[in-house]
Amino acid sequence: MEKFATLIVGAGITGLATAAALSARGDSDYLVMEADREIGGYCKTVKKDGFVWDYSGHFFHFKHPEIEAWLRERMTGQRIRKITKKSLIAFKGRQIDFPFQKNIHQLPREDFIDCLYDLYFARAPRELLGASAPPITDENNFKAMLYARFGRSIAEKFLIPYNEKLYATDLSALDKDAMGRFFPKADLTDIVRNMKIANNASYNASFTYPEGGAMEYVKAIAGAVREDGIALGERLMSVDLAAKVAKTSKREIAFGRLVSSIPLEQFVRLADVPHDRGAFSWNKVLVFNFGFDKKGQSDVHWIYFPDRLLSFYRVGFYDNIFDADRLSIYVELGYAKDAAVDVVRTRENVLLDLKRAGVIQDHRLVAEHSVVMDPAYVHITQRSIAECTRLAAMLREHDVYSIGRYGGWTYCSIEDNVVEARTLVGTFA
């Protein structure tokens, strides 16, 4: 039986970053196993007929300059574009700046008044409102938080319909902080000030993107992994935590410690760990990548669509990142985890909806690709937080660590995955 000090399950960003961090400290006694035939997880890139697409929009925004520099050093000859983001919201036939709650002054007059009125009575100091103050609402879930912080109109005109299309669930099921630092917060003062002095800065106000696609970042991390340290086409079948033995689709492997980036609920099933299956919910996302024969709108990188009559919730524009002369887009649709996805029928509806929304007109489709991401966004709830905390503590007792967006059952950036992997490796003896 083969044995490794560290067995890493999954060759996406998280797994590869873990292996790279081990190599950086001179530890080569590891193996990364990946069920797929290629590395990258959801960061795979597709190139077709002159178009460059990812499985979904993966745009990189770094808080740690040293991580960005480390990646760039390993991307020799790769041109990396730095983009100042322009994102818009389609609302009643017009486009307004994102985020919605800071740009209500751009809405049609009646909608603006509704939003400002409800916002004021939701957020103004109660001592000023007196008897007219609305009842205090406990922010005990995501939907309640939206109503309490932004008022009924902002919540119901954009924040609720858009996020329910994305998450494919009732938002009252989610924890109030389900999106963490990625939710664009704003108080009454911020929103009023933005009416005169625009400031729509966000965590991803600028981002970088390699001309070869997101896969170039994956390759950069993989370049720091031991040459024979990745086993492709090898799926984890079961784990004996007590014996520290993993059974794969090809062999049995003994390990000293195990780092997993596959979905936590999937891993604990394979390890035969009793758990609360009802604590784990998620959506899946159908992504269409479309290439057309001519240019479309040129001043935007992605558009949000809260209209429930449109099938998709977001459209992103690769051609405006690359300064290309042909429209190249990704289109995202959210589904419940148990929903059936009819790609062929949905494709036809999406193309019709793109025309209805004005994204395409007389454009001719010349290239396409689609993928279903399952899971895509995990549903973070009070129940999932408690169960993940319990399971993580139990797994650590067996020298097993489940990390990353899916292993940790969280909402995070690609850079966060690298930081988490490096931090974890730093704790190893």
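Refer to the preceding data block for the structure.
Description of the structure in this document. Along each chain, numbering runs from 1 in the same order as the chain's sequence is written. With the structure being a predicted model, the display of local features is reserved for residues of pLDDT at least 70 and the display and counting of side-chain atom pairs for 80 or more, all residues being used for whole-chain, interface and lining totals. Here the side-chain values reflect all heavy atoms present in the structure, with hydrogen atoms and water set aside.

Notes on helix α13 (residues 414-427)
Stated precisely, the cut-off is as follows: Strands are runs of DSSP state E lasting at least 2 residues, helices are runs of H or I lasting at least 4, and numbering of each runs from the N terminus. A helix's residues, less one, multiplied by 1.5 Å, set its expected span. Any residue under 20% of the maximum accessible area for its type is buried, any over 50% is exposed, and the rest in between are partly exposed; the area is computed with a 1.4 Å probe on protein chains only.
Taking 1.5 Å per residue, 14 residues should reach 20 Å; α13 reaches 21 Å between its end C-alpha atoms and fits that length. Turning to α13, its buried residues number three or more, namely Ile 414, Glu 415, Asp 416, Asn 417, Val 418, Ala 421, Leu 424 and Val 425.

A short note on the pairing of strand β12 (residues 252-260)
Stated precisely, the cut-off is as follows: Pairing between strands requires that DSSP locate at least two bridges from one strand to the other.
The element β12 is extensively covered by neighbouring structure, given that seven of its nine residues are classed as buried. Where strand β11 (residues 245-248) and β12 come together, three bridges link them in antiparallel fashion. Opposite Ala 246, over in β12, you have Ile 253 as the bridge partner. Taking the residues that link successive antiparallel strands as the turn, the β11-β12 hairpin has three residues. Examined bridge by bridge, β12 and strand β18 (residues 400-402) share three bridges and lie parallel to one another. Opposite Ser 260, over in β18, you have Ser 402 as the bridge partner.

Remarks on the nonpolar core
Spelled out, the test is: Throughout, nonpolar core names a set of buried Ala, Val, Leu, Ile, Met, Phe, Trp, Tyr and Cys residues whose side chains join them through atoms within 4.5 Å. The contact definition used throughout considers only heavy atoms, calling two residues in contact when any of these lie within 4.5 Å.
By size, the foremost hydrophobic cluster in this structure holds 86 residues, and its most contacted members are Phe 100, Phe 142, Leu 146, Leu 236 and Phe 267. With 12 residues, the single largest contributor to this core is helix α5 (residues 142-167). Look past the residues within four positions of Leu 146 in its chain and what remains in contact with it is Gly 151, Ala 155, Leu 159, Ile 160, Leu 171 and Phe 183. Among the nonpolar cores identified, the runner-up in size contains 38 residues, and Ile 13, Tyr 30, Ile 80 and Ala 222 belong to it.

Some details on the packing of helix α1 (residues 13-24) against helix α7 (residues 215-222)
To keep it simple, the criterion reads: For every element, the axis is a line fit to its C-alpha atoms; helices are fit only across the contacting stretch, and the angle between N-to-C directions ranges from 0 to 180 degrees. Each angle gets one of four labels, with under 35 degrees taken as roughly parallel, over 145 as roughly antiparallel, 65 to 115 as roughly perpendicular, and the rest as oblique. Here a crossing is taken to be left-handed if its near helix is turned anticlockwise relative to the far helix by less than a right angle, and right-handed if that turn runs clockwise. Ten residue types, Ala, Val, Leu, Ile, Met, Phe, Trp, Tyr, Cys and Pro, are classed as nonpolar, four, Asp, Glu, Lys and Arg, as charged, and the remainder, Gly among them, as polar.
It is the contact of α1 with α7, at a shortest axis distance of 9 Å, that shows an interaxial angle of 25 degrees. As summarised for this structure, α1 and α7 are arranged roughly parallel, according to the angle between their axes. The interaxial crossing formed by α1 with α7 has left-handed handedness. In contact with Ile 13, Leu 16, Ala 17 and Ala 20 of α1, α7 contributes Val 218, Ile 221 and Ala 222. Here the contact of α1 with α7 is composed, by residue class, of seven nonpolar, no polar and no charged.

A word on the pairing of strand β6 (residues 87-91)
Burial runs high along β6: four of the five residues are buried. Here β6 runs beside strand β14 (residues 302-304); their pairing, made up of three bridges, is parallel. Within β14, the position partnered with Ile 89 by the bridge is Tyr 304. As judged from the four bridges shared by β6 and strand β7 (residues 94-97), these two strands associate in the antiparallel manner. Pairing of Phe 91 across the sheet is with Arg 94, part of β7.

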